[in-house]
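Report on the structure
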Amino acid sequence: TALVAPPSIALPEDRNQAIEISADKAVRDERAGFTIYSGDVILDQGSLHIEADTLTIFHDSEKADRIVAEGAPARMRQQPELDQQPVRAEAGRIVYTKSREQIELTRAASIEQDGATVTGETIKYFMAEQLVRADASGEDSDARVQVVIPAEVIVRERDAAEADDQAAEPAAPAEPTEPAEPDGDTGST
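Residues numbered from 1 in each chain as written. Predicted model: local features only at pLDDT ≥ 70, side-chain atom pairs only at ≥ 80, totals over all residues. Heavy atoms only, no water.

**Considerations on the pairing of strand S5 (residues 48-60)**
The pairing of strand S4 (residues 34-45) with S5 spans ten bridges and is classified as antiparallel. Bridge pairing in S5 links Asp-44 to His-49. (Pairing = 2+ DSSP bridges. Helix = DSSP H or I, 4+ residues; strand = E, 2+ residues; numbered from the N terminus.)

Structure (structure tokens):
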């Protein structure tokens, strides 16, 4: 198990935007409360973009609370903040539960932002806490979670921290100055 705290995963406005879906086929089951889209499925909601082979939206009345995307792999992209690079994720299955503000990636999961990548069999992202939890496969004792942070990201973060430290340090006091020596003219005759 590994815990990593990346930046938030979605612009606040995303959850209030309309959901637009295109697919080859759609089947809605009103009684069971879900709609299944299949064949080259694309979902867009604000900055959220999902591509999958099949996508199931579970809805309580008209509210779509849980979205399940499956593919080989299913892919997701979302803009965390206006000034940040998009978060990209892929897995065999992506489950987005809006009411719990949680995204779960399973089956060869990976999530990447700003060049840093986390991979594992299962990755859960808790949006409110800005917390990522990655787990290796339970069946494969040799499986591991892998985190790759490129050197340029480390250098950029170190340089930003040093700049913050310098800005926070109080200015050094000025060296005391000696009173000026008379230049030999004492004014007496």
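**Details of the side chain of Thr-122**
Among the secondary structure elements, Thr-122 is positioned in strand S9 (residues 116-126). Every residue in contact with Thr-122, bar those within four places of it in the chain, is listed here: Glu-104, Leu-105, Thr-106, Arg-133, Ala-134 and Asp-135. (Contact = heavy atoms within 4.5 Å.)

**So, the environment of Ser-22**
Position of Ser-22 among the secondary structure elements: in strand S2 (residues 20-22). Taking the C-alpha atoms as reference points, Ser-22 and Ile-42, 20 residues apart in sequence, are found 5.3 Å from one another. Discounting chain neighbours no more than four positions away, the residues touching Ser-22 are Asp-40, Val-41 and Ile-42.

**Section: the pattern of salt bridges**
One side chain can pair with another of opposite charge once the charged atoms of both are near each other. Across all of its chains, the model carries five salt bridges by this definition. Salt-bridge contacts for Arg-93 lead to Glu-70; the nearest nitrogen and oxygen are separated by 3.4 Å. One end of the pair, Arg-93, is in strand S7 (residues 87-97); the other, Glu-70, is in strand S6 (residues 63-78), and 23 residues separate them in sequence. For Glu-70, a relative accessible area of 27% corresponds to the partly exposed category. One salt bridge in this structure joins Arg-75 and Glu-90, with 3.4 Å as the shortest N-O distance. Taken as a pair, Arg-75 in strand S6 and Glu-90 in strand S7 lie far apart in primary sequence, 15 residues in all. One connected set of salt bridges, linked through shared partners, spans Glu-70, Arg-93 and Arg-107. (Salt bridge = Lys/Arg side-chain N within 4 Å of Asp/Glu carboxyl O. Buried < 20%, exposed > 50% of the residue type's maximum accessible area, 1.4 Å probe, protein only.)

**Focus: a nonpolar patch on the surface**
Together, Val-147, Ile-149 and Ile-154 line one region of the surface with nonpolar side chains, adding up to about 250 Å² of accessible area. Mapping Ile-149 onto the fold places it in the loop between strand S11 (146-148) and helix H1 (151-168). A relative accessible area of 44% places Ile-149 in the partly exposed class. (Patch = residues over 30% accessible without salt bridge, like charges linked within 9 Å, V, L, I, M, F, W, Y side chains within 5 Å. Areas by Shrake-Rupley, 256 points an atom, 1.4 Å probe, with all protein chains shown as cover.)

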